[in-house]
Amino acid sequence: AFAQDTVKIGLILPMTGQQASTGKQIDAAVKLYMAQNGTSVAGKKIEVILKDDTSVPDVTKRLAQELVVNDKVAILAGFGITPSAMATAPIATQAKVPEVVMAAGTSSITEASPFIVRTSFTLAQSAVPMAEWAVKNGIKKVVTMVSDYGPGIDAEKSFSDKFKADGGTIVENLRVPLRSPDFAPVLQKAADAKADALFVFVPSGSGAQFVKQFVERGLDKSGMKLIATGDVTDDDQLNGMGDVVVGVINAHNYSANHDSALNKTYVEAFKKANNGLRPNFMSVGGYDGMALIYGALKKTNGAADGEKLVAAMKGMAWESPRGPISIDTDTRDIIQNIYIRKVDKVGGELYNVEFATIPNVKDPVKAAK
Ligand code: DHB
């Protein structure tokens, strides 16, 4: 076949290292999407080239450059953490290649290049509804604890601003390093602050370790409630966290327990293809990223020109396993439902059980500008 008959997608993910669960989930979802929808679209053969950036942004950038220059990829996709997505932005802009962000969640990412389109989420999308719920449910004093980098800082600020605006008090804003975090010292400070609740964001893959240290320090028995973004009660790890997390209220875009026909099919097919692994919110970012790329290629009749693809992606709307989603025409960011959930036992397994829906949430950070 001639080169122009193939559309290459450079998929850059953390397949090893601290963020490896994100890479594994997204890679599996991309493969599932292609198994279900075929490996060609609009007359073009789709070829995915997977690269492991180990979540080191300098590596992401080098791989992106190589994929564009040597492999001539038409699309860059993946990006497990914010620094990786940010490091690639100048390459996307210069090469006029769409950068489909499937995982990272810092608000400003989509502003780093006009070629960035996001199918994951922003932290403010979850943190603002969480703050609103907390005030309405009698929580008056909160300590926040976040990973000390882009998405954590967004989560801290958007939660705190909304909580204070609604009449709550922030006792303290605590941060832990992204790499090899030790939660013990900050958990001691949180315990000393004697708040009604501790609001937490840690990235996908770190929730179990956080919960372990929370319990080791006896905070589960301190009377201080745990509230969170759904990154903490990640479906990838939730079942192993133990009954201490039953009752934890959190806000997020996806639960494997989401009640829709499409999601039931998705979870079943994903588990079947991956030795029973439960799909998490990162997986749907990957699955929907592929739906975005396939949908855009259909609209351009297979033309893989970057500007045409991004134009086609703007305003696209479809049903995801997480619920209805669309791409904001102005910001290229995802618009999606946010669900308030409670961790509970369903059929002997721990799940985030959705009990309230805030429909069609745009990134609150950009909406406020
Ligand atoms: C980011 C990474 C995560 O694993 C997550 O759950 C949220 C945000 C990020 O780096 O943007």
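Residues numbered from 1 in each chain as written. Predicted model: local features only at pLDDT ≥ 70, side-chain atom pairs only at ≥ 80, totals over all residues. Heavy atoms only, no water.

**So, the sheet that holds strand β6 (residues 116-118)**
Move 1: Spatially, β2-β3-β1-β4-β5-β6 is the arrangement adopted by the six strands of the open sheet, whose pairing is mixed. Edge positions in the sheet fall to β2 (40-41) and β6, since each has one partner strand and no second.
Move 2: Inspection of the sheet shows strand β1 (residues 6-13) paired to strand β3 (residues 44-52) by eight bridges, in the parallel sense. What sits directly across from G10, in β3, is I49.
Move 3: Where helix α3 (residues 82-95) meets the sheet, it contacts β4 (75-78), β5 (99-101) and β6, and its direction lies at approximately 160° from that of β5. (Pairing = 2+ DSSP bridges. Helix = DSSP H or I, 4+ residues; strand = E, 2+ residues; numbered from the N terminus. Contact = heavy atoms within 4.5 Å. Axes fitted to C-alpha atoms, helices over the stretch in contact; angles between N-to-C directions.)

**Description of the domain arrangement of the protein chain**
Move 1: Once the domains are mapped, the protein chain shows domain 1 (3-121 + 259-332) and domain 2 (123-252 + 338-367).
Move 2: Taking only C-alpha atoms into account, the centre of domain 1 sits 27 Å from that of domain 2.
Move 3: Both sides together, the interface formed by domain 1 and domain 2 hides about 2100 Å², and carbon and sulfur atoms give 43% of it.
Move 4: Its largest share of buried area at the contact with domain 2, domain 1 owes to Q18, R278 and F281, together 31% of the area lost on that side.
Move 5: Counting the contacts that link domain 1 with domain 2 gives three salt bridges. (Domains from an automatic or database assignment. Buried area = accessible area lost by both parts, 1.4 Å probe. Salt bridge = Lys/Arg side-chain N within 4 Å of Asp/Glu carboxyl O.)

**Overview of the nonpolar core**
Move 1: Counting residues in each nonpolar core, the largest one holds 75 residues, and the members touching the most others are F159, I227, Y266 and M290.
Move 2: Per-element accounting of this core gives the leading share, eleven residues, to helix α9 (residues 281-299).
Move 3: Structurally, this core is a two-domain feature, drawing no fewer than three residues from each of domain 1 (3-121 + 259-332) and domain 2 (123-252 + 338-367).
Move 4: Beyond its immediate chain neighbours, meaning those up to four positions away, I227 contacts M130, A134, I139, F159, A197, L198, F199, V200 and I249.
Move 5: Counting residues in hydrophobic clusters, the runner-up holds 27 residues, among them V143, F183, V202 and V211. (Core = buried A, V, L, I, M, F, W, Y, C linked by side-chain atoms within 4.5 Å. Buried < 20%, exposed > 50% of the residue type's maximum accessible area, 1.4 Å probe, protein only.)

**What about unusual backbone geometry?**
Move 1: Here the phi dihedral of R332 falls at roughly 65°; this positive angle occurs in a residue that is not glycine.
Move 2: Relative to the helices and strands, R332 resides in the loop between β13 (323-327) and β14 (334-346).
Move 3: Residue class for R332 comes out buried when judged on its relative accessible area of 11%.
Move 4: The residue N360 is not glycine, and still its phi comes out positive at about 50°.
Move 5: Topologically, N360 is positioned in strand β15 (residues 349-361).
Move 6: Looking at N360, the relative accessible area reads 49%, which means it is partly exposed.

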